[in-house]
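Residues per chain, in single letters:
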Amino acid sequence: MAKVIVDSEYLKEIDKARRELRALISNKNCAPIMLRLAWHDAGTYDVNTKTGGPNGSIRNEEEYTHGANSGLKIALDFCGNLPNALKVSLAGCCIMQGKYKTFTWPSILHGAACQSVVAVEVTGGPAINFTPGRKDSKISPREGRLPDAKKGVPHLREVFYRMGLSDKDIVALSGGHTLGRAHPERSGFDGPWTAEPLKFDNSYFQELLKGESEGLLKLPTDVALLDDPEFRRYVELYAKDQSTTCVKAWLVFIADLENSFKTDQTEAVTLDEDAFYKDYAESHKKLSELGFTPTPTGAKAIVKDGTILAQGAVGVAVAAAVVILSYLYEVRKKMK
Ligand code: HEM
């Protein structure tokens, strides 16, 4: 299969595709099912045989008709009906008819990966680095690689370790259930996990620790995250109030600034990040790149984005700190 060339033209097309996806997901309120589609495409990966994974194969009828994928044809059809003749390769990305001519089937592979990144962002979740350049595959894995919601801790480890993922990835990614709901006709389960299923936040973990709540769902695999001490450690960390974490980070940051202006800016930015968002973004990226080695051009583009993002965050942090310090200074002056 020809190698995917990730040049500036290609990156521009991806950018356009992201805008189309953003509009589609907002209009149809379909972020949850888009995220699930990407996860089910990627979650078949086998690190030993290097088969399955985020390669768009879920668009094959043979695969989307697997029992675990019940209902996902809806998401595939949303992608197929994108405006302006833009199509999205299910696991992969944007396709190419009409204005997106520079894509060809084998080069489209990031569809699902791309749309899940947009789905998380649109609902208020963390920004996730997206490295373009995957190739779509027409080969579907055998049925039975995705997790069974009725099972427990050993099963979760067996499935996620097969993908090459860790305990931390299992818990962080399970936080994807902050979005959406179960449908009895698809899975036999019913209801949302949180009170606001179109908002990406850490309430999934808070609900899990609270126990049974009327109208809210907990799958056996969700509850299993409380049974294992290693999993539970992450559940408790991710359930911590994000605003508290943020305020604490600011207090430390301001104290450092007041003391001697010796604050390490990188540390300040890290402190300001919520643990769940940070880990989720890392694990999601890992999931979306299973079996995929970014091309040097793609990698370069991402590094550049990352640097710009980090610089932007530092700039915002410093500007906000200056405003807060000026305010504190005025208050102190008045008190004297
Ligand atoms: C840990 C093992 C997992 C199991 C056993 C599991 C199982 C399920 C089940 C049974 C449903 C209900 C499907 C329906 O009836 O429509 C569901 C929905 C969903 N899952 Fe998972 N899941 C797992 C992990 C994940 C991960 C890793 C993600 C994303 C990172 C995710 C994202 C979602 C989303 C967003 C929905 C809602 C879909 C909708 O509203 O249509 N799940 N999952």
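These figures come from a predicted structure and were not determined experimentally.

What the chain contains, in helices and strands, is 15 helices and four strands. Looking at the chain residue by residue over its 336 residues, the buried ones come to 40%. Long-range pairs, those at least 24 residues apart, make up 69% of the contacts in the chain with a sequence separation of at least 6.

Once that is clear, we can look at helix H2 (residues 31-42). Spacing of three or four residues puts side chains on the same side of an α-helix, whose turn is 3.6 residues. Under the 1.5 Å per step criterion, the end-to-end length of H2 is 17 Å for 12 residues, consistent within 8% with the ideal 16 Å. With respect to burial, H2 is a largely interior element, 12 of its 12 residues being buried. The complete set of buried residues in H2 reads Ala31, Pro32, Ile33, Met34, Leu35, Arg36, Leu37, Ala38, Trp39, His40, Asp41 and Ala42.

Near the ligand lie 23 residues; those nearest to it are Pro32, Gly176, Gly180, Ala182 and Ser187. Looking at the shell around the ligand, the elements that each hand over two or more residues are H2, helix H7 (167-174), strand S3 (181-182) and helix H8 (184-187). For the shell around the ligand, the class distribution of residues is 12 nonpolar, eight polar and three charged. Built from parts of two domains, the shell around the ligand gets at least three residues from each of domain 1 (8-122) and domain 2 (153-239).

When you line up the elements, Asn202 lands in the loop between strand S4 (191-192) and helix H9 (203-210). Placed 30 residues apart in sequence, Asn202 and Ala172 show a C-alpha to C-alpha distance of 9.9 Å.

This part takes up the nonpolar core. Ranked by internal contacts, the top residues of the largest apolar core, which has 56 residues, are Ile25, Met34, Ala75 and Val235. The element best represented in this core is H2, accounting for eight residues. Among residues more than four places away in sequence, those in contact with Ile25 are Cys30, Ala31, Met34, Val118, Ala119 and Val122.

Let us now look at the confidence of the model for the chain. Averaged over every residue, the pLDDT of the chain is 77; the share at 70 or more is 63%. Counted against residues more than four places away or in other chains, residues 260-273, with its pLDDT under 50, gives 19 contacts. Segment residues 298-312: pLDDT under 50, and 12 contacts once partners within four positions in sequence are set aside and those in other chains are kept.

Ser203, Tyr204, Phe205, Glu207 and Leu208 are the residues of H9 that are buried. Buried positions along H9 lie against helix H10 (220-227), helix H11 (229-239) and helix H14 (275-288).

With that out of the way, let us pick up unusual backbone geometry. For Asn29, which is not glycine, the phi torsion reads 50° and is therefore positive. In this fold, Asn29 is placed in the loop between helix H1 (8-28) and H2. One non-glycine residue with positive phi stands out, namely Lys50, at about 55°. Inspection of the secondary structure assignment puts Lys50 in the loop between H2 and helix H3 (61-64). The class of Lys50 is exposed, set by 11 C-beta atoms lying within 10 Å.

What counts as what
- Residues numbered from 1 in each chain as written.
- Predicted model: local features only at pLDDT ≥ 70, side-chain atom pairs only at ≥ 80, totals over all residues.
- Helix = DSSP H or I, 4+ residues; strand = E, 2+ residues; numbered from the N terminus.
- Buried ≥ 20, exposed ≤ 12 C-beta atoms within 10 Å, placed from the backbone.
- Contact = placed C-beta atoms within 7 Å.
- Expected span 1.5 Å × (residues − 1).
- Near = placed C-beta within 6 Å.
- Nonpolar A, V, L, I, M, F, W, Y, C, P; charged D, E, K, R; others polar.
- Domains from an automatic or database assignment.
- Core = buried A, V, L, I, M, F, W, Y, C linked by C-beta atoms within 7 Å.
- pLDDT = per-residue confidence, 0-100.

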